[in-house]
Amino acid sequence: MSTEQQWNEEQQRVNSVTDLIEHRITALEEVAGSFRGEVVEMRKEFWDEVTMNFSEADDVGETSTSMRQQSQVLSDRERSHLNTAAALDKMKRLHHSPYFGRIDFKEAGYADAERIYLGIASLLDEQEESFLIYDWRAPISNLYYDGAPGPISYRTPSGEISGEIEMKRQFVIRDRRIRFMFDTGVTIGDQLLQAVLSRTSDAQMKSIVATIQKEQNRIIRNDRTRMLIVQGAAGSGKTSAALQRVAYLLYKYREHLQADQMVLFSPNPMFNSYVSTVLPELGEENMLQTTFQEYLERRLGREYQLEDPFIQLEYVLTAMQEPEYDARMSSIRFKSSASFQKVITRYKESMLSGGMKFKPVRFQGKVIVDAEAMAEKFYSFGSSVKLVSRLELLRDWLLKELSAFGKSELNAPWVDQQLDVMEPEDLQRAYQRLKRKQKGKSHTFDDFQQEREILARMVVSDRLKPLRKWIKSLRFVDIRQLYANLFQDQAQMVRLLENEPLPAHWEAISTMTLRRLKLQELAYEDITPYLYLRELLLGFHINSGIRHVIIDEAQDYSAFQLAFMKRLFPHAKITALGDFNQAIYAHSSVLSGTGPLSDLYGPENTEVIELTRSYRSTMEIVEFTRGMVPGGEHIIPFNRSGEKPKVIVTADLEQHMHHITADLHHLIEQGYESVAVICKTAEESSEVHALLSQKLDTAPKLIKKTTLAFEQGVHVVPAYLAKGVEFDAVLIYDGSAAAYSHEQERKLFYTACTRAMHLLHVYCLGKPSPFISSQSEEWYEVSNMTATRVE
Ligand SMILES: Nc1ncnc2c1ncn2[C@@H]1O[C@H](COP(=O)(O)OP(=O)(O)OP(=O)(O)O)[C@@H](O)[C@H]1O
């Protein structure tokens, strides 16, 4: 058959499938319209339909049954309405683009091959017997992603099916018309991928279902492993694969798994908005999205001023000249390590025999039970009783002591004073309370003495309430003092470290930690250990409803934090995605090989998948950036060409800004939709933003750590906040040796440069960074402007 004939035949199929979809849309719209009307009517009539009669006690029961039945009918109708709306939404999406792939599969034992068309949702024919379109997540669709033409098999719930793929075809169909169509081999359409990747970027991430690659498919469909680790080069599709994986799991386990049982940990709030449209685009609800910092804030933010990872990073990047710098670095490394976690675990064990610290129970400045008495009581319970049980026993004892204290205060002068100033409402409240307690028995304040006692008891009880709550929630354990103690007692720390050495600069670390604790502050590196100690002693908060945790940029979590997450989500499978070359924090973890991530659930429960092909950037950008990191030669660029990255060396700030501004003007004129000027720090970003705002017609957008939405246009952004996102063109504000030459800056520089999809210009105020100059000049073009004058 000629290509033209094939094209016509396929176009006819597109026509008839689209006709059917249109027909379904009309039918569904009718149903949806009538449902909507019905539900609105029912809501209005709700109170008429139910039998209302509250006059007699017996009728109350009848009325509530009637209301229950009526609200059941209403909620059934609403559910049907929602289902219809979802079906309609699915049809509309199919209408826009019904399918993107076809495979002809001849099952063993059958004479003819079946034509299988794949789309973002399935569609049955008019008789509801056979599939006109298969959902991309259906078992059979795996053949499309996984197999080349030839013999193959796939797994279904009822067993393995084998056969042969006779043909694999790709389409781009938009609004009833086939725009592209070609037959393809193993890799799904280099051609289509070329077309997709050459497009300009979007304010939102896109779904990649039509072009999922074989190795990405392994990530998406992996549903057995407890811990799935993906180590992937910058732009290799880790985040994309993770999101399609969520859609896949929601489809495969739709009977048991809901979107709110999955949570994504993102590097920053803006990233959340960037990825938030992918799942809805695939017809699924969004999973929960958060950042680790948000979680920490929720747990400790009321008690402490918490430093966030960005402030810590800014310190790491800018404070090299400060006297405490080396000590802080040593502190960050130590406190993020698995050894510090062990230290804290041993510390807790050691408290079985001594060392617990308590806060005295105080009332109006007066000590009711002092810390020594509490410790004495605590250790009187005997060594066989578990620590947490001892705390509970101590709590019960304290509550009794508090009751006794309350009784002894009934005649205290402050109570009299309170009684004197009692308002009539208070008296009324007291009376009501008494009545409730006595279960409706008639009661009057007939006896003055009795009345006073009742009111006094109420006054005392009200006043002691916060203290009772404080005791009940075990807040009498002095966690701050216990944490401080780790840094006050060097001999103890040496013991707890067992055979490991004290970290360098121990004394300075201690002083720094204690100083901040005193100010009610926790440095970022202290937050997780502090919380861990608290939870070890008072009991762990766990979230047992979550079934899947997806950690993006997993290399940015410390060993300690990862161990913490494991405890927090005891019933979840974990998907951790990251890139060790983008590990920009001082506490970062490695992803593959032996490391905290792979140790978390042990080798038998862990699978590591590596992605080495980079899709985001042009071949030239990948060739340039991969030279900056060790092992970069393993990163394979996707075959898409653009211009070589440019390195522009300038002599002074004026000249520097002049060239950057001219470049931005030019890029805007050329139609680049998203351009980023990437700076090193937040401070530098706001300075550059101010300068550019004066020079450009439309002020660029400054991205801060609090920025929530990612938009098109020109941005100024610190490198660490550009993590995970991408831009059509990237201008590095200053890639000079003065800005990037320390080893800890290498990965930040790499992360910044790899945000570029089509164009990368590195401006250098002075000599270029060694991460550039150590590379062969064949990978980039240099323009030295130092000798030219700005007009
Ligand atoms: N199979 C694919 N088909 C089409 N586009 C793809 C595919 N895989 C990745 N991409 C595109 O490549 C770009 C990078 O993908 P993504 O952001 O998921 O990579 P990443 O590995 O998370 O990157 P990084 O670690 O650098 O943040 C995105 O524009 C994405 O749409």
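These numbers were taken from a predicted model, which means no experiment stands behind them. (Residues numbered from 1 in each chain as written. Predicted model: local features only at pLDDT ≥ 70, side-chain atom pairs only at ≥ 80, totals over all residues.)

Q: Can you help me understand the sheet that holds strand S26 (residues 781-784) in this one?
A: Across a sheet, paired strands are connected by hydrogen bonds in the backbone, their directions being either parallel or antiparallel. Read across the open sheet, the 7 strands follow the order S22-S23-S21-S24-S25-S20-S26; overall the sheet is parallel. With one partner strand each, in any of the chains shown, strand S22 (701-702) and S26 form the two edges of the open sheet. With 2 bridges joining them, S22 and strand S23 (residues 713-718) adopt parallel strand pairing. The residue of S23 that forms the bridge with Leu702 is Val716. Those strands touched by helix H25 (residues 653-669) are strand S20 (646-650), strand S21 (674-679), S23, strand S24 (727-732) and strand S25 (756-765), and its axis lies near 165 degrees from that of S25. Across the sheet, helix H27 (residues 743-753) lies against S21, S24 and S25, angled at about 140 degrees from S24, the strand it touches most. (Pairing = 2+ DSSP bridges. Helix = DSSP H or I, 4+ residues; strand = E, 2+ residues; numbered from the N terminus. Contact = placed C-beta atoms within 7 Å. Axes fitted to C-alpha atoms, helices over the stretch in contact; angles between N-to-C directions.)

Q: Help me out: how do you make sense of the site of the ligand in this one?
A: Around the ligand, 24 residues are found, and the nearest of them are Thr211, Gly237, Lys238, Thr239 and Ser240. The residue inventory of the shell around the ligand, partitioned by class, reads 7 nonpolar, 12 polar and 5 charged. (Near = placed C-beta within 6 Å. Nonpolar A, V, L, I, M, F, W, Y, C, P; charged D, E, K, R; others polar.)

Q: What is the right way to look at the UniProt feature "binding site: ATP" (unreviewed entry) in the chain in this model?
A: Sites flagged by UniProt as "binding site: ATP" (unreviewed entry) map to Gly232, Ala233, Ala234, Gly235, Ser236, Gly237, Lys238 and Thr239. By the element assignment, Ala233 lies in the loop between strand S8 (227-232) and helix H6 (238-252). Every residue in contact with Ala233, bar those within four places of it in the chain, is listed here: Asp579, Leu611, Thr612, Ser614 and Ile635. As for its placement among the helices and strands, Thr239 is situated in helix H6. Given 24 C-beta atoms within a 10 Å radius, Thr239 is considered buried. Setting aside residues up to four positions removed in sequence, Thr239 forms contacts with Met205, Val275, Asp552, Leu577 and Gly724. (UniProt positions renumbered as here; feature names shortened; annotations may be inferred. Buried ≥ 20, exposed ≤ 12 C-beta atoms within 10 Å, placed from the backbone.)

Q: What is the right way to read unusual backbone geometry from this model?
A: A negative phi angle characterises most non-glycine residues, just as the trans form characterises most peptide bonds. The backbone phi angle of Gln364 is positive, close to 45 degrees, even though this residue is not glycine. Relative to the helices and strands, Gln364 is located in the loop between strand S12 (361-363) and strand S13 (366-369).

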